[in-house]
Amino acid sequence: MRILSGIQPTGSIHIGAYIGAISQWRELQKAGECIFFIADLHALTIPQEAKDFPKQTLDTAIELLAAGLDPEKCVIFIQSQIKEHAELCWLLNTITPIAELERMTQYKDKSKQFRKNINAGLLNYPVLQAADILLYQTESVPVGKDQQQHLELTKTIARKFNQRYGETFKVPEALILQEGAKIMALSNPKKKMSKSDPQSCLYIFDEPDAIKKKIMSAVTDTGKTVKYDPVKKPGIANLLVIYSSFSGRPIKEIEKQFGGKGYADLKKQLAELLVIQLEPFRRKKKELLAREIYVKEILERGRKRAETIAQTTMEEVRKKMGLF
Ligand code: AQP
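Let me begin by describing the structure that accompanies this report. (Residues numbered from 1 in each chain as written. Predicted model: local features only at pLDDT ≥ 70, side-chain atom pairs only at ≥ 80, totals over all residues. Heavy atoms only, no water.)

Right, let's talk about the overall build of the protein for a bit. For the protein, the count of helices and strands is 13 helices and 5 strands. For a compact globule of 324 residues, the expected C-alpha radius of gyration is about 20 Å, and the protein comes in at 20 Å, within 12% of that figure. Across the 324 residues that make up the protein, the buried fraction comes to 50%. In the protein, 76% of the contacts between residues at least 6 apart in sequence involve partners at least 24 apart. Within the structure as shown, the protein displays about 15,700 Å² of accessible surface, and the carbon and sulfur contribution to it stands at 53%. Distance between charge centres in the protein, computed from 51 positive and 39 negative side chains, equals 4 Å. (Helix = DSSP H or I, 4+ residues; strand = E, 2+ residues; numbered from the N terminus. Rg over C-alpha atoms; globule rule 2.2 N^0.38 Å. Buried < 20%, exposed > 50% of the residue type's maximum accessible area, 1.4 Å probe, protein only. Contact = heavy atoms within 4.5 Å. Areas by Shrake-Rupley, 256 points an atom, 1.4 Å probe, with all protein chains shown as cover. Lys, Arg positive; Asp, Glu negative; His and termini not counted. Charge placed at Lys NZ, Arg CZ, Asp CG, Glu CD.)

Strand β2 (residues 33-38) sits mainly inside the fold: 5 of its 6 residues count as buried. Pairing geometry for strand β1 (residues 2-7) and β2, over 6 bridges, is parallel. Residue pairing for β2: Ile-7 is matched across the bridge by Ile-38. Handedness of the crossover joining β1 and β2 through helix α1 (residues 15-28) is recorded here as right-handed. One ladder, built from 5 bridges, connects β2 with strand β3 (residues 74-78); its direction is parallel. Looking at β3, one finds that Ile-35 is bridged to Val-75. (Pairing = 2+ DSSP bridges. Right-handed = clockwise from strand over helix to strand, strands pointing away.)

Looking at the ligand, there are 22 residues lining it, with Lys-110, Asp-146, Lys-192, Ser-194 and Ser-196 nearest. One of the backbone nitrogen or oxygen atoms of Ile-183 is found 2.9 Å away from a nitrogen atom of the ligand. Within the side chain of Ser-194, a nitrogen or oxygen atom sits 2.3 Å from an oxygen atom of the ligand. In the complex, the protein chains occlude 95% of the 650 Å² of accessible area that the ligand would expose alone. If you list the elements that add at least two residues to the shell around the ligand, you get β1 and α1. Ranked by the residues each element gives to the shell around the ligand, the list is headed by α1, at 4 residues. The class makeup of the residues in the shell around the ligand is 7 nonpolar, 10 polar and 5 charged. (Near = heavy atom within 4 Å. Polar contact = N/O pair within 3.5 Å; in protein donor to acceptor, adjacent residues only side chain to side chain. Nonpolar A, V, L, I, M, F, W, Y, C, P; charged D, E, K, R; others polar.)

In this section: the packing of aromatic side chains. Within this structure, the stated rule accounts for 8 aromatic pairs. For the ring pair Tyr-18 and Phe-246, a centre distance of 5.8 Å and an interplane angle of 15° mean the geometry is stacked. Placement of the pair is Tyr-18 in helix α1 and Phe-246 in helix α10 (residues 234-247), with a sequence separation of 228 residues. As far as the burial class goes, Tyr-18 and Phe-246 line up, both buried. With a centroid separation of 5.7 Å and 45° between ring planes, the pair formed by Phe-77 and Tyr-136 is classed as tilted. Within this pair, whereas Phe-77 is found in strand β3, its partner Tyr-136 is found in the loop between α7 (120-134) and β4 (140-142), the two being separated by 59 residues in sequence. Through a chain of ring-to-ring contacts, the aromatic side chains of Tyr-18, Phe-246 and Phe-281 assemble into a single cluster. Positioned above the aromatic ring of Phe-205, the side-chain terminus of Lys-285 is 4.8 Å from the ring centre. The ring of Tyr-294 has Arg-291 sitting right over it, with the charged end atom 4.0 Å from the ring centre. (Phe/Tyr/Trp six-rings, centres within 6.5 Å; stacked < 30°, edge-to-face > 60°. Lys NZ or Arg CZ within 6 Å of the ring centre and 35° of its normal.)

The nonpolar side chains of a soluble globular protein tend to be buried, and buried together. Judged by nonpolar contacts, the single largest core of 59 residues is most densely connected at Tyr-18, Ile-204, Ile-242, Phe-246 and Leu-274. The element best represented in this core is helix α12 (residues 263-289), accounting for 10 residues. The residue makeup of this core includes at least three contributed by each of domain 1 (2-181 + 291-321) and domain 2 (205-286). Ile-95, Tyr-107, Val-141 and Leu-153 belong to the second-largest nonpolar core, a separate cluster that totals 40 residues. (Core = buried A, V, L, I, M, F, W, Y, C linked by side-chain atoms within 4.5 Å. Domains from an automatic or database assignment.)

Moving on to α10. Compared with an ideal rise of 1.5 Å per residue, which puts 14 residues at 20 Å, α10 spans 20 Å between its outermost C-alpha atoms and is within 8% of the ideal. With 12 of 14 residues buried, α10 lies mostly within the body of the structure. Three or more residues of α10 are buried, namely Pro-234, Gly-235, Ile-236, Ala-237, Asn-238, Leu-239, Leu-240, Val-241, Ile-242, Tyr-243, Ser-244 and Phe-246. Tucked inside the fold, the buried residues of α10 contact α1, α11 (251-257) and α12. (Expected span 1.5 Å × (residues − 1).)

Printed below as a string of structure tokens:
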């Protein structure tokens, strides 16, 4: 089974992206043929400092390795190094209705958030995402819940292309966790934990003091009972999901453990758990920061492997579309 997913080099990895996506990637790399990429072309839909951007991209590669991606078991590469992503994106644009793109929740949210920079890239973001996925004849795409709508559009585009030009692309399936697919902001449990809102994030490389501070000040409610109720107690529900993900224990069991105890106890023990569980990530990142050449070699190996697959698909696409 071929598995593919990506992450934007727009900031450090937070526990939301880790639980929702990267923890799945870690497991899947043991079984399937995994391809993971750093989505620098996607990141450009929001202004980036050109002089800082290469470092941000390399840092994301370092963080992915520190978070448990094994370069012996998966392919890791930088999106912009494979020209076929942009080429296929253009071709898929020609069969994608604008109305489909305009109804995407992420486009609507980002257009509100970045009112002064509603560029065409923001609108076409899901088409580039479809190109990323279809280029590699991907079967499964492990992502967080926020990407579900884009994945549905990818499937629609793949089917449409296959119908118009003949069977070409595999139609992929999204892999979305039952629990942990949408980790909420610690500062506002009604909003997704998001890199564009640093206040909302607990990063997987945060130092123990920062972890404790962020968890202890996580917004909850005025109640007392530790119970999983995402509607009435979204803050506590979010903390329970995080607890369950990092302890590997079911939520029911954690609820029982904190029966008769207050929110402060839950927060204190969750902070302690996270300090321990995140320690290997911090250590590995420090190690890798001193091994830039090694990381660049991994990316170069990834580029070569990705390019072979992408070129094979594009040859077929060009032929099917009647390009010279
Ligand atoms: N809060 C989250 N809960 C669960 N999964 C999440 N993901 C992101 N946030 C959460 C999943 O992580 C993968 C990589 O995401 P990304 O960094 O490429 O996505 P992003 O949209 O740039 O990151 P953010 O933090 O969501 O930033 P904003 O909202 O500012 O753009 C994806 O599979 C994503 O679903």
